[in-house]
Amino acid sequence: MEGDFSVCRNCKRHVVSANFTLHEAYCLRFLVLCPECEEPVPKETMEEHCKLEHQQVGCTMCQQSMQKSSLEFHKANECQERPVECKFCKLDMQLSKLELHESYCGSRTELCQGCGQFIMHRMLAQHRDVCRSEQAQLGKETSPDPGKCLSITVAAALSAHLWP
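What this report covers is the structure whose coordinates are included nearby. As the structure is a computational prediction, the values presented were derived from the model and not from experiment.

Some thoughts on unusual backbone geometry
Logical step 1: Of note, glutamine 63 is a non-glycine position whose phi angle comes to about 65°, a positive value.
Logical step 2: Relative to the helices and strands, glutamine 63 is located in the loop between β5 (56-58) and β6 (65-67).
Logical step 3: Notably, lysine 90 is not glycine yet its phi reads approximately 65°, a positive angle.
Logical step 4: Relative to the helices and strands, lysine 90 resides in the loop between β7 (83-85) and β8 (92-94).
Logical step 5: Judged by its relative accessible area of 48%, lysine 90 is partly exposed.

Notes on the nonpolar core
Logical step 1: Counting 6 residues, the largest nonpolar core is built from Cys8, Cys11, Val15, Phe20, Cys27 and Leu31.
Logical step 2: When sequence neighbours within four positions are dropped, the list of residues in contact with valine 15 reads Asp4, Phe5, Ser6, Cys8, Phe20 and His23.

Focus on the packing of aromatic side chains
Logical step 1: For the structure on display, the rule yields 1 aromatic pair.
Logical step 2: Here the aromatic rings of tyrosine 26 and phenylalanine 30 are separated by 4.9 Å at their centres, their planes lie at 40°, and the arrangement is tilted. Of this pair, tyrosine 26 and phenylalanine 30 both sit in helix α1 (residues 17-30), 4 residues apart, which is roughly one turn of that helix.
Logical step 3: Residue classification places tyrosine 26 among the partly exposed positions, given a relative accessible area of 49%.

Cut-off values and rules
- Residues numbered from 1 in each chain as written.
- Predicted model: local features only at pLDDT ≥ 70, side-chain atom pairs only at ≥ 80, totals over all residues.
- Heavy atoms only, no water.
- Helix = DSSP H or I, 4+ residues; strand = E, 2+ residues; numbered from the N terminus.
- Buried < 20%, exposed > 50% of the residue type's maximum accessible area, 1.4 Å probe, protein only.
- Core = buried A, V, L, I, M, F, W, Y, C linked by side-chain atoms within 4.5 Å.
- Contact = heavy atoms within 4.5 Å.
- Phe/Tyr/Trp six-rings, centres within 6.5 Å; stacked < 30°, edge-to-face > 60°.

So yeah, pure geometry; function would need other evidence.
Listed below in structure tokens is the structure:
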């Protein structure tokens, strides 16, 4: 009887009817629902449960107060001060400062090896595709040595990269 379930009065969980009487007797005797999270907890460990799971703690990055059980998720997904990587320079910085940094960082320019123009970082990926297809259509060689790569290189390192 796969679909035959009953709801326990104490823990509010669905229990297979064949085990229901035994479950409910055990549950009523040994478990209580936590008033904070409504999870069934053994009566003798309720104080410890509340202290460990529902204690208020502060995030070390943003100082926001929350329950200890939420802290790990907050640090990984919600904290505005958590470290994130800039998509242009790969440096770690606070999420709250990322938009301003990427605006600046994406506006910096690098020399395109294909056409010799300076291109903004935020436009490099698009430019690289357009530049290579234009160079291919024109039948031009895109680097001094056809065996060399077309990777984006800072202008200061360009000659060392192309002519080792």
